[in-house]
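# Residue-level structural notes
In case you want the letters, here they are:
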Amino acid sequence: MKNQKWLVPTFYIVFLMLPIYWLLNMSFKTTNEILGTFSMFPLEFTLDNYKKIFTDPTWYNGYLNSITYVVINTLISVTVALPAAYAFSRYRFLGDKHLFFWLLTNRMAPPAVFALPFFQLYSAFELFDTHIAVALAHCLFNIPLAVWILEGFMSGVPKELDETAYLDGYSFWRFFVRIFVPTIAAGIGVAAFFCFMYSWVELLLAKTLTSVAAKPIAATMTRTASTAGYELGLLAAAGTLTIIPGAVVIYFVRNYIAKGFALGRV
Amino acid sequence: MGIELKQVSKRVGAEIHIHPTDLVLDAGGFNVLLGTTLAGKTTLMRLMAGLEAPSGGEVWFDGKNVTGIPVQKRSVAMVYQAFINYPSFTVFDNIASPLRVARVARGEIRTRVGKIAELLRLTPMLDRLPAELSGGQQQRTALARALVKNAPLVLLDEPLANLDYKLREELRDELPKLFQDTGATVVYATSEPLEALMLGGHTATVHEGRITQYGATAQVYRTPNTLLTARVFSDPPINTATVDKQGDTFVFGDAAHWPVTEKYAVLPNGIYTLGIRPHHVTVTGEHADGVVVRGIVQIAEISGSESIVRVEVAGNSWVSRSHGVHPFEVGDTVELHMQVQRCLYFDSGGELVAS
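Residues numbered from 1 in each chain as written. Chains lettered and ligands numbered in written order. Predicted model: local features only at pLDDT ≥ 70, side-chain atom pairs only at ≥ 80, totals over all residues.

## Looking at the overall build of chain A
Operational definition: A helix here means a DSSP run of H or I that spans at least four residues, while a strand means a run of E at least two residues long, and both kinds are numbered starting from the N terminus. Counting other C-beta atoms within 10 Å of its own, a residue is labelled buried from 20 upward, exposed at 12 or fewer, and partly exposed in the gap between, with every C-beta atom placed from the backbone.
Regarding its fold elements, chain A presents 13 helices and 0 strands. Helices and strands in chain A line up, N terminus first, as α-α-α-α-α-α-α-α-α-α-α-α-α. C-alpha extents for chain A along the principal axes are approximately 75 × 65 × 30 Å. Buried residues in chain A amount to 35% of all 266 residues.

Structure, rendered in structure tokens:
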């Protein structure tokens, strides 16, 4: 057993990476090869799947739609959460602790619960099948999360910093934008990351609230699987591309997330 | 600038943080607020700065009522115990920030920041972020920011408490000099009596939300008006005991007695509380008017060139502080020389009688 310390982690990493590798592997195969033979790497290497996604608007629009509502959602969530988290971290008011906890309980309900009311509401306001509809729906989950994360970071900043700024002559908003926001930049990064990730992977609400114009990529993928036979290669390529934005965002905020874990809020 | 508190009080819920207080600070001088933690020093400062609104009373600056004026418009600078700087700004930007807000011309900002940085030996650090500085440098940056805007009122809330010994000594020497030429009224909170003595100026002793005495530091130290002030302004704590004045003799139980001096001759006979500072009850040195009392050693502690002993004297727990290193065994009986002309006498209400 002495020299086999590497065994368990290696096994674990292979176990984790295998599905991702298989997805990548399939994305370079033709559908026939996927269905026909079992191979650890593409026998007939092809980029056709990717070509199709980048040229066919029904495909690439899925990505554009997803990115649009995810970015809108992240912007709204963080912008709204910033002053809310500030209030929770700096002021004591009647029922503040209950309100703070209640915000968090919003995340305990499964999104499916809200699918019907949201569908009805947004249809009534003619917001159905718009990016803003999905972005707003995701706010229900993301704003509480962002408030929770940001409050942790803000409470780590001493109140004296605010007071010093006032003593220096800063007005509240000038202090908030010029000094406070840069001070908790790491927290904003972490909050934005979690909003982005949630909104990016959430399928049910996004699918319910859109039909054509704002259809997310994940919905496009399910359609392909059912109507045009099994275009498995295409599907694998789409899946691979779906992983990329998350990986990119994680790369940029990885240090901040470590900090967030240290503060016990992520 | 003249600062005056008129019947200022502060209540939070049912808790009284500051009882109605009147105080006129020494304008343009060094004012020390001396008291233990939670005595109300910080609250008093926050009331002066306008960071907190008083529950009652008024704050006056230079004969003007500023009670309702927001902190931004009061032109006050404050330095905290924790090193507070803007983490995302460089040292230069930190020091320059009050001037930028006041829309001072760019060239002037550069000269003024340069001058202050030179004074506080921060010139090589101007491009660094506060996180890249040592504690002493961080606090000097905070001080520089307080100095640069030439605020007429500067509040220093235990600014040296978080620094290590050497740095504290160094900065403490510099502080009065730094503010001397600015003409600013400085308020300095501390919990250490020694620090108040070293800083000089005027001292207000604070105890449980009240200012017990205010005056020139040396005078408050030498003649505390009340036992409470004497207790606040003594480290180690002042020794107390009950003495009985019988005609022309003060009788300290069975331990000692000494003649009543002329000064106290007019006092009626009866019970008084005696207060004597630890360094006036020593194991060494015969004083002309010294009285010998016996005590049993409870704890002995030798620090450098001083011996501090806790002794039991006629049922009172006293502290004696003497020069030189003297070995003691716990349980020993020691002879202490008490300089009776240094004794302070307080009546039953804790007020100083004559002096």
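Once the structure has been displayed, the description carries forward.
## Section: the domain arrangement of chain A
All names here are of chain A. Here is the rule we go by: An automatic or database domain assignment provides the domain bounds reported here. C-beta atoms are placed from the backbone for every residue, and two residues are taken to be in contact when these atoms lie within 7 Å. Note that Gly is not counted as nonpolar here; it falls among the polar residues with everything else outside the nonpolar set of Ala, Val, Leu, Ile, Met, Phe, Trp, Tyr, Cys and Pro and the charged set of Asp, Glu, Lys and Arg.
As far as domains go, chain A holds domain 1 (1-46) and domain 2 (54-262). Taken together, the contact between domain 1 and domain 2 spans 9 residues of the former and 8 residues of the latter. Those elements that place two or more of their residues in the side of domain 1 that touches domain 2 are α1 (7-27) and α2 (31-36). No other element matches the 4 residues that α1 contributes to the side of domain 1 that touches domain 2. Among the residues making up the side of domain 1 that touches domain 2, the classes are represented as 5 nonpolar, 3 polar and 1 charged.

## Focus on the domain arrangement of chain B
For chain B, the assigned domains are domain 1 (3-227) and domain 2 (239-346). Distance from the C-alpha centre of domain 1 of chain B to the C-alpha centre of domain 2 of chain B: 38 Å.

## Focus: the interface of chain A and chain B
Many structure descriptions define interface size as the accessible area lost when the parts assemble. Contact with chain A, which involves 14 residues of that partner, is made by 17 residues of chain B. Looking at the side of chain A that touches chain B, the elements that each hand over two or more residues are α8 (159-168) and α9 (172-183) of chain A. Looking at which element gives the most residues to the side of chain A that touches chain B, the answer is α8(A), with 7 residues. When grouped by side-chain class, the residues that make up the side of chain A that touches chain B number 7 nonpolar, 4 polar and 3 charged.

## Some remarks on the environment of A:M108
Within the secondary structure, A:M108 sits in the loop between α5 (96-105) and α6 (112-124). Separated by 141 residues in the primary sequence, A:M108 and A:V249 place their C-alpha atoms 25 Å from one another.

## Brief notes about the sheet that holds strand β16 (residues 290-303) of chain B
Residues and elements named next belong to chain B. Applied cut-off: A pair of strands counts as paired when DSSP detects no fewer than two bridges linking them.
Read across the open sheet, the 5 strands follow the order β15-β19-β16-β17-β18; overall the sheet is antiparallel. If you trace the sheet from one side to the other, it starts and ends with β15 (281-282) and β18 (316-323), each paired once. Sheet topology places β16 next to strand β17 (residues 306-313); 7 bridges connect them, and they run antiparallel. The residue bridging V297 from the neighbouring strand is V311, located in β17.

## Quick notes on the sheet that holds strand β2 (residues 15-24) of chain B
Residue and element names in this part refer to chain B. Condition: Each axis is a line fitted through C-alpha atoms, taken for helices only over the stretch in contact, and angles between the N-to-C directions span 0 to 180 degrees.
Across the sheet, which stays open at both edges, the 4 strands sit in the order β2-β1-β4-β5 with antiparallel pairing between neighbours. Edge positions in the sheet fall to β2 and β5 (64-65), since each of these pairs with one other strand and no more. Contacting β1 (3-12), β2 and β4 (56-61), helix α1 (residues 41-49) runs over the sheet at an angle of about 115° to β1.

## Here's the deal with unusual backbone geometry
Residues and elements named next belong to chain B. A cis amide bond links D235 with the next residue in sequence, P236, at an omega value of 0°. Mapped onto the elements of the fold, P236 is located in the loop between α8 (227-232) and β11 (239-246). Residue L38 is not a glycine yet carries a positive backbone phi of 70°. Relative to the elements of secondary structure, L38 occurs in the loop between β3 (30-34) and α1. Residue classification places L38 among the exposed residues on the basis of 12 C-beta atoms within 10 Å. In the Ramachandran plot, E158 falls in the positive-phi region, its phi being about 45° despite a non-glycine side chain. Tracing the chain through its elements places E158 in the loop between β7 (153-157) and α5 (165-180).

## A short note on the packing of helix α4 (residues 57-90) of chain A against helix α10 (residues 185-201) of chain A
Residues and elements named next belong to chain A. Applicable threshold: Orientation categories follow fixed angle ranges, with anything under 35 degrees roughly parallel, anything over 145 roughly antiparallel, 65 to 115 roughly perpendicular, and all other angles oblique. Should the near helix be turned anticlockwise from the far one by less than a right angle, the crossing is termed left-handed; should it be turned clockwise, right-handed.
α10 packs onto α4 with a crossing angle of 140° between their chain directions and a minimal axis gap of 9 Å. With respect to α10, the element α4 is oriented oblique. The crossing of α4 and α10 is right-handed. Across from S66, Y69, V70, N73, T74, S77, V78 and A81 in α4, the residues of α10 making contact are I188, A191, A192, C195, F196, S199 and W200.

## Quick notes on the confidence of the model for chain A
Definition in use: Note: pLDDT gives the predictor's confidence per residue, expressed from 0 to 100.
The predicted model of chain A has a mean per-residue pLDDT of 88, with 95% of residues at 70 or higher. Between the elements of chain A, mean pLDDT differs from a low of 72, seen in helix α12 (residues 217-226) of chain A, to a high of 95, seen in α9(A).

## Concerning the pairing of β3(B)
Residues and elements named next belong to chain B. Counting buried positions over the 5 residues of β3 gives 5, a clear majority of the element. Neither face of β3 is left uncovered, since the one carrying F30, V32 and L34 and the one carrying N31 and L33 both have all their residues buried. The sheet contact formed by β3 and strand β8 (residues 185-190) spans 5 bridges and is parallel. Counted as the bridge partner of L33 is A189 from β8. Bridge count for β3 against strand β9 (residues 202-207) is 4 bridges, and the pairing is parallel. What sits directly across from L34, in β9, is T205.

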